[in-house]
Structure formats: structure tokens, C-alpha cells
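# Fold and geometry: a report
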Amino acid sequence: MLFRQTDLPMEERIQDLISRMTLEEKVSQLIYDSAAVPRLGIEEYNWWNECLHGVGRAGVATVFPQAIGMAASFNPELLGEVAEVIATEARAKHHEAARHGDRGIYKGLTFWTPNVNIFRDPRWGRGQETYGEDPYLTAQLGVAFVKGLQGDHPKYMKAAACAKHYAVHSGPESLRHSFDARCSQKDLYETYLPAFRALVKEANVESVMGAYNRTNGEPCCASPTLLQKILREDWGFEGHVVSDCGAILDIHAHHKVTNTPEESAALAVENGCDLNCGRVYPALVEAVKQGLISEEKIDLSLARLLRTKFKLGMFDPEEEVPFAQIPFEVVAAPEHRSLSREMARQSMVLLKNENNVLPLNKDLKTVAVIGPNAQAQNVLLGNYFGTSTKLVTALDGIRNKLEPECRVLYAEGCDILTTEVGFWGNSPKEGFAEALAVAERSDAVIMCMGISPDLEGEEGAAANSDGGGDKISLELPGMQNELIKEIAALGKPVVLVVFSGSPMALTTVQEHVPAIIQAWYPGEEGGNALADIIFGDYNPAGRLPVTFVKSLDQVPEFTDYSMAGRTYRYMEEEPLYPFGYGLSYTSFEYDSLTVPIEVNTGDNLEVEVEVENTGSRAGDEVVQLYVKHHSASTATPRFSLQGFKRITLQPGEKQTVTFTLTPRQLAVFDEDGRCLVEPHTLEIFVGGSQPDPRSQALTGQEPLSLTVELVGETIELDR
């Protein structure tokens, strides 16, 4: 059989295989749990696998920080290393499972990751899976992850990545099966599509997953605009498209766009959705008989799916596929655990450090660790996680760091949720006395608060969510605010650690405590990483990838997909903690910002700045570049991130950082969604934060800025 001959061109092998299959066999390959075809020697294959922050749902694997935490590192290079390790473990696990006859769900090499939706609303339970609210940051991190996961072998992919959920998708979870996300062409091309475009055009992502919802009236998994016009025609995407799980059923059952499974399946395949995560595509056999779709269209989708499998080496002898030789022993290796700890350290954000209360001194005699998340393991994990060989909680990490020289006392204080007296009369404050007792006997108090994956996540997965997976409040739930206030009133040094996958409203509590660390869901080594930061063995430099608002009063309606009033780019009100913000134990100064006086609309813009560590500790700085448009012909963001670089400097060390901005990064998007580089004035800001007043007030520093004139003719770029 020609398709087994590895020296033949891939397309010839694909066509040979398709020519040997019946319609029923072809259709069986377009479903996520694709069937075996014994007469051709084709094994069953389940396309569904997850690796959001480590190989998920398939037994033991290294668990890295949740995606939103890794985004806070502002470090694409490190994220690429994480993705490479994930692919290594994935290969080892896949081949070992197959050798034992297990080809079931979560055992394959096609990973439905990363999630590059824009985290536009802090209520969204799945925002934790994203890289935050900014299109440029999301694109840079997503590209790094895809490249790390897929590898750079000339013939074989290490693993297949998938850009999801395409497109204009970010809640509400409870409405996702029937919701129509309406947005302007400007918002579509300026905010919702750039990360997907970058993953297709810069990272050659192998797969794209359609979203559950409709976008501007069209079901995303059967959208001629999204799948045909934009993805394949405009961007030249050559990989395969997979539906979200159950989304094809939604087309007739909930969106009411079609009337039957045959119509839904035909509409989806006709518009370029090749693979069904669900049970509707078997109806394609009948759809062909009804004349709703041709067998040639099914062949086209099948060819795309087979191309992915050929790239992964699934029809080739193991000895010819280099990644098939990766030994099972690499799974959860010590060096992978070390990388998880490093990523966790880089992800944590120091939000407040009044009077330099942090880092705490290691020679303290007694430290109290208080709170419902101090010993909780689920807050290390987020969602879509694997099984760690060892989970290090906050309490574990602090004990590892201090004992036996220092006594570490622990009290839960309260649970995450309870506010009412229980059936048997239990007070929701019944743990306060114990918490106060240990705090009174301690030299410093570390309070581990926040929420958990039980309170935010995907529809049906967050057991205690009161919003179908989403949050309906940004406040710390239960009695946490009250407990923090009572402990803080003792006058001890208090460090508040917030575990969450999304912004919390810390407006009230931040007034009562001198130090706050945003820890996210920090992975299997989270407790050790946290202790490294609290006790000064690591200098924090994480930055917020999403705005922390003061309250929900500052946020538009959840179902409003206009970007007006949303994210740092369009929000007019002052936030509590801005996008791009984060403190350090040292200080940095910027000097010698250099940009040309003018640049042609078709040319790159070179920017240079000198950064110096003016403090007494070594540390990382996240150098951020923002562009502001003056006198543009259309509405523009207040300013937008267009460059960032995380650098490490010793005390007194200086480094020159350069950025090259392409014409696309200097462009504006008009109301028709056109990408225009037009003559007008730009202002370039470079510093350790965005140039908003709140960031300047919190950091005590103002980014450097210079103006540059774009000159020449207006150029319209490809969208």
C-alpha cells in the first residue's frame, strides 16, 4: 500500500489512503474518537487531548502554573521551554500507552491548546486558561507555546497544537451554546482576531477549534466568514479545524440555524470544520444521500486530518519517528519540576509592599500561616491539569523554607464560601479565634486567601460557581474580608497571598495589609515558589496580564462584546491594579530613550532604551513599550502594548534594550476593520509599566516617552 511508503510525498500517500476507503470509513475518521479500519491496518485514534499547563487528564505529568499565571511572567522564551517539556512528556506517555494497547481519550498527540481568547471580562470562569486581556501579549505568548509544542523537526511534528476558541468567545458560560456574540469589524480585527492570526501565520499552528457561540449571526463551527474567508482564504491556513465539544449539535438544537443533524453536519463540513468533537458527524452518510454535501467535500476534510496524522508519524514505523524514542522515564522528571518552580516564581506578582515589609526575614522565631488556601491543593492546579507526583501547598513551602529553626503555626481561619450559620449552629467565624490565637503568637502572618477552581471554570466543571462557571462577584467570598481585617488589626506584619485565576476586587482589604502577592494557580511547586519570594530567595517581577478593577461597577454588561470601556486599552475609569503592573524588591531607572524623529509608513521603527538596576538586589525587569496614536483618522486605544522584554540585571548593571516595531504595530483599525498605516503622530512610551496615572502612582515612576511622525502615503495591510 502506497500510503505506508515513507519515501513517497505526503500528498501522494494521503490520496492513496483516501482512495481505499468507503464513505462510511471516511466519515468514521471525522469524529474525535475515530474508528479503527482493520482491513487497512489503521488503529483507532482519539483526537481529544489537553495540555493547557502540562499534559492533562492522562495520569502523572508535570503540572505547571495555570496559563494566566504563565502569562504574568511576560516571558515567551520560558513559556516556549515549558511547552517543549510538555511535548516531551506527551510523546513519552502517548507511545507507552499505545504499546500497552491504550489509544483512548487523552492519550493522543493532538492537543486542544492554547486558549488565545481575550480575557475581556473579569467574571469569565475560563479566563484563567488565557494569556490575559491584551492581543499583542496573547499573540506573543501563544506563538511561543505553539512553536515549543510542535517543535522544529523538518519532517515530523512533536505534538499538534490548536488555537481555540475561534472566535469572539469569552462567556458567559451559561449562554455559550445559544449565544450570538455581536461585535464591530473594528473590534473583530483589532482585538479578537490578532492572536489567532499570529498563531496561524507566525507559528503555523496545526489546528483551530471553533467556538460554541455564534459570531455576528454565524455559528462559529460553520461560519463561512470565520472559517472560509478569514482563516483559509485571507490567512492561508492549511491545517484542520475541530469543533468544540458538542458545538455541532448546538447548530440545530440551540442556535436553531438548521433543523436536523444531517443539515448541521453538512453545513459545518461545507464551511471547513473537519473534525467533530461530538456525535453528529455520523449523520454525514445520510447527508450525502440527501444531497446536502458531496463526498468530495468529505474527502477534503479527511485529507486535512490525515495530513496531521502523517506529520505526527502515525503511519510510519516507530524507528523512523525520532520522538517515538523518548523514554517514559522523562515524565515528571526532576528537571521538569524545577522548571515548574521557576515558572511559578516568574508568574507571581507583587501588588503591594508598604514600607518594604517583604521580603520577610528568615530568622523569625514564629510565623503564622492562615487561610482556607494555605493547605489547599486544588488552588495549585486550576483546570485542565494532570496528576502531580507531589503537590507543594503554600503551608508546605513555608515549612520547607523555615523549619526547624522557625516554628510555623497554621490555622484555616474560615472556609472559602460560608457566610451563614450552619444547620447545627456552626458559626461561619468559628475558626477566627484559632486564627487570632496563632497570629498573636507570631512575628509575622501570611494569609492565604482568594478563590479556587471550584468557584470559577468551565460550564459544569466549577462545582460551587454561582454563575454557571463564571463569577457573579469579584469580592473575596465567605468571611475572608472580615478575617483579614481582624488579623490586620493585631498590628503584626501581614502578607496577603491571593490565589485565583482571575482578577479579584481587593479594594477594601488592600487598605488593611502592607503586602499583597497575586499567586494565581501556581502549579505543583507553587508553595516552594511562594516561599522563595516571601523570604527573599527570589525577587518577584511578574506583571498583571489583566486589569484588576476596583469593582464590577467599572465593567460593562457581560454580554456586551464591544471593547468600549473594557481592558486597559479602552477603560476610562481608574483601576485598582493596572495591566502590566507589578513591583520588585529592587529599583530600575530608564534613560536614553531613542526613536527616530520620523519614519515612513512602510518601514520598521527602531526603539532603544537603557535600563539600570539602581537597587541593592539582583532582579528581573519587564521592559514594556506602548504606542499611543495622536490625530489618527479613526478611534484608537488609549495606548497599546507593542513590545516587552524580561531582562535580569545585577545591582548597578545597565542594559540597552532594543525593539523593532513593524508597520502592523504602528497601524490603526478603522470602523470597517481595515488595517491602515497612515501619516500621523505616534507617542512611544517605554518603562516598567503602562503610562497610565494609576501605574505611575503605584510605582512612583513615569515611563519615558518620545513622539515620532509617520510620513508618506497611507498603506492598507492585509488583515
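Each chain carries its own residue numbering, running from 1 in the direction its sequence is written. With pLDDT at 70 or above as the cut-off, local features in this predicted model cover only qualifying residues; side-chain atom pairs require 80 or more to be listed or tallied, and sums for whole chains, interfaces and linings still use all residues. Working from all heavy atoms in the structure, the side-chain values ignore hydrogens and water.

## Here's the deal with the packing of helix α13 (residues 334-347) against helix α17 (residues 526-534)
Note on geometry: axes are C-alpha line fits, over the in-contact stretch for helices, and angles between N-to-C directions span 0 to 180 degrees. Secondary structure elements are defined from DSSP: runs of H or I of at least 4 residues count as helices, runs of E of at least 2 residues count as strands, and each element is numbered from the N terminus. Packing of α13 against α17 brings their axes to within 8 Å, and their N-to-C directions diverge by 50 degrees. When the axes of α13 and α17 are compared, the pair comes out oblique. Note that α13 runs across α17; the crossing there is right-handed. Contacts between α13 and α17 involve R341, A344 and R345 on the former and, on the latter, N528, A529, D532 and I533. Among the residues making up the contact of α13 with α17, the classes are represented as three nonpolar, one polar and three charged. By the definition adopted for this analysis, an angle is roughly parallel if under 35 degrees, roughly antiparallel if over 145, roughly perpendicular if from 65 to 115, and oblique otherwise. Here a crossing is called left-handed whenever its near helix is offset anticlockwise from the far helix by less than a right angle, and right-handed whenever the offset is clockwise. Residues are treated as being in contact if the distance between any of their heavy atoms lies within 4.5 Å. Residue polarity is assigned by list, with Asp, Glu, Lys and Arg as charged and Ala, Val, Leu, Ile, Met, Phe, Trp, Tyr, Cys and Pro as nonpolar; anything else, Gly included, falls into the polar class.

## As for the sheet that holds strand β4 (residues 180-181)
Sheet architecture is open: three strands sit in the order β4-β6-β7, paired in mixed fashion. Both outer strands of the open sheet, β4 and β7 (218-219), are each paired with one neighbouring strand and no more. Strand pairing is defined by DSSP finding a minimum of two bridges between the two strands.

## Things to note about the packing of aromatic side chains
Each aromatic ring pair is described using two quantities: the centre-to-centre distance and the angle formed by the ring planes. A pair of Phe, Tyr and Trp rings is counted when the ring centres sit within 6.5 Å of each other, with Trp represented by its six-membered ring. The angle between the planes then sorts it: under 30 degrees is stacked, over 60 is edge-to-face, the rest tilted. Tallying each qualifying case throughout the model produces 22 aromatic pairs. Consider the rings of F423 and W424, whose centres lie 4.8 Å apart with planes at 85 degrees: the pair is edge-to-face. W424 carries the same exposure label as F423, and that label is exposed. Note on criteria: charge over ring means Lys NZ or Arg CZ within 6 Å of the ring centre, with the direction from the centre no more than 35 degrees off the ring normal. Taking NZ or CZ as reference, K164 lies 5.1 Å from the ring centre of Y384, over its face. Over the aromatic face of Y189 sits the side chain of R719, whose NZ or CZ is 3.9 Å from the ring centroid. A simple rule labels every residue: compare its accessible area, found with a 1.4 Å probe on the protein chains alone, to the largest value its type can have, and call it buried under 20%, exposed over 50%, or partly exposed in between.

## Description of the nonpolar core
We call a set of buried Ala, Val, Leu, Ile, Met, Phe, Trp, Tyr and Cys residues a nonpolar core when their side-chain atoms join them within 4.5 Å. Among the nonpolar cores identified, the biggest contains 153 residues, and W112, L149, Y166, Y281, I684 and V686 are the most heavily contacted of them. Sequence-distant contacts of I684, that is, excluding residues within four places in its chain, are made with L593, V595, L605, V607, L625, Y626, V627, L661, L704, S705, L706 and V708. Core analysis: the second largest hydrophobic core is formed by 81 residues, L358, V369, I416 and V498 among them.

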